[in-house]
Amino acid sequence: MRKTMHSSPSMLVLIALCAILIESSGGLAQAKLSPTFYDQSCPFVSHIIREVIADALQTDKRIGASLIRLHFHDCFVQGCDASVLLDNSDTILSEKEALPNNNSLRGFDVVDKMKAWLEFACPGVVSCADILTIAAQESVALSGGPIWRNQLGRRDSRTANRSLANTNLPGPFLPLQGLKSAFTAIGLNNHTDLVALSGAHTFGRAQCGGFIHRLYNFNNTGRPDPTLNPTYLRILRKICPQGGNTTVLANFDPTTPDTFDNDYYSNLLVGKGLLQTDQELFSTPGADTAKIVKKFSANQTAFFESFVVSMLRMGNLKVLTGTAGEIRLNCRKVNGDSSGGADTLLVSSM
């Protein structure tokens, strides 16, 4: 951990200031969620995470969407406790290999880099659960979306739950009622939270395997999903030919694929939702979510405001605080687990 560093001047300044303030602060802040939790113990935590994401975005335009998805998939399984980051070990059956996650979740290496920098700057202070929470917020802000202050002070679980990941995470093939049930089951509402958080699909990509059933044989009819815009259907069939590679990627938003805006909802109005679960929000007959889609399509500010409220609500699900759980030194393994490699991660240059 104490190897020679090579990085940008701004990162080194942040680390130096952070180290000075930690030394004078005398330890951790109060043991409950608060926007000021790290003000004394690691005041530049968000700046460090933001710089790592900004650097990653230079070569990977998808990374912001991938990081927010990690936060979602974490919070939907036993709460926002960074269980999704744990690798297999002698004592852990990783959630990474659950059906909704396997060969799909990504960004773990970027989280590792964030954790390594924070362990260098603020050893043993910032939880992996809070890293995921902050990374989701910074990813949105860096892509043109709203800015908000997170509630912080989460601690990390010492367990994972693959079976719960298989049960709780909503798949891309669900009808609206199944999607609503998945949100209700974890403590989110099945109208505004559902529609607002689905708006994260305004940026990022999805594999053909997640929606190819809509293109050729929807619900075993031998025909495409009738809610698909015909022009959009032709475009998607070129990207995902029948019998082709199901890992090929398509943009969630065909208009502004790397920008966090309200185009996602405007696309739903004209049948250009990529996943079944996207289009179901608007096209299901009698759906109460359709009027929310229309509202967000017409008013980006209303979407941003609701998105922030729903993100904060999701981020508070079943969090560990105080002396519960731990602050992992390595996000991939519980502390003291010798089967998972080094306790801490080396910091690489930016």
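The name given to the protein in an unreviewed UniProt entry is Peroxidase, and the organism recorded there is Manihot esculenta. Looking at the protein in UniProt, the text filed under Subcellular location (unreviewed entry) is "Secreted". The UniProt entry for the protein carries this comment under Catalytic activity (unreviewed entry): "2 a phenolic donor + H2O2 = 2 a phenolic radical donor + 2 H2O".

A. Representation of the UniProt feature "binding site: substrate" (unreviewed entry) in the protein. The positions UniProt marks with the feature "binding site: substrate" (unreviewed entry) are Pro170. Residue placement: Pro170 occurs in the loop between α6 (162-168) and α7 (176-186). Judged by relative accessible area, which is 28%, Pro170 ranks as partly exposed. Setting aside chain neighbours within four positions, we find Pro170 in contact with Phe76, Leu179 and Ala182.

B. Inspection of helix α14 (residues 300-315) at higher detail. Taking 1.5 Å per residue, 16 residues should reach 22 Å; α14 reaches 22 Å between its end C-alpha atoms and fits that length. Looking at the buried positions of α14, the neighbouring elements they touch are α3 (63-75), α5 (128-142), α8 (192-198), α11 (263-269) and α13 (289-298). One side-chain oxygen at the N-terminal end of α14 lies 3.1 Å from the backbone nitrogen of Thr301; it belongs to Asn299.

C. Fine view of the packing of aromatic side chains. A complete count under the given rule lists 14 aromatic pairs for this structure. Note on Phe260 and Phe303: the rings are 5.7 Å apart at their centroids and 10° apart in plane angle, and the pair reads as stacked. Here the residue Phe260 occupies a position in the loop between β2 (249-251) and α11, and Phe303 occupies one in helix α14, the gap between them amounting to 43 residues. For Phe303, a relative accessible area of 0% corresponds to the buried category. Three or more aromatic residues joined by ring pairs make a cluster, and in this case those are Trp148, Phe203, Phe260, Tyr264, Tyr265, Phe296, Phe303, Phe304 and Phe307. Against the face of Phe108 rests Lys96, its NZ or CZ located 4.2 Å from the ring centre.

D. Molecular detail of the environment of Asp112. Structurally, Asp112 is set in helix α4 (residues 108-121). For Asp112, a relative accessible area of 14% corresponds to the buried category. Along the primary structure Asp112 and Asn330 are separated by 218 residues, whereas in three dimensions their C-alpha atoms are 7.7 Å apart. Looking at Asp112, its side chain comes within polar contact range of the side chain of Arg332, at 2.7 Å.

E. Highlighting unusual backbone geometry. Here Asn220, not a glycine, exhibits a phi torsion of approximately 60°, which is positive. With respect to the helices, strands and loops of the structure, Asn220 is situated in the loop between α9 (213-216) and α10 (230-239). Accessibility expressed as a relative area gives 72% for Asn220, which makes it exposed. In the Ramachandran plot, Lys318 falls in the positive-phi region, its phi being about 45° despite a non-glycine side chain. Summarising the element assignment, Lys318 is placed in the segment after α14. With a relative accessible area of 64%, Lys318 lands in the exposed category.

About the cut-offs
Residues numbered from 1 in each chain as written. Predicted model: local features only at pLDDT ≥ 70, side-chain atom pairs only at ≥ 80, totals over all residues. Heavy atoms only, no water. UniProt positions renumbered as here; feature names shortened; annotations may be inferred. Helix = DSSP H or I, 4+ residues; strand = E, 2+ residues; numbered from the N terminus. Buried < 20%, exposed > 50% of the residue type's maximum accessible area, 1.4 Å probe, protein only. Contact = heavy atoms within 4.5 Å. Expected span 1.5 Å × (residues − 1). Polar contact = N/O pair within 3.5 Å; in protein donor to acceptor, adjacent residues only side chain to side chain. Phe/Tyr/Trp six-rings, centres within 6.5 Å; stacked < 30°, edge-to-face > 60°. Lys NZ or Arg CZ within 6 Å of the ring centre and 35° of its normal.

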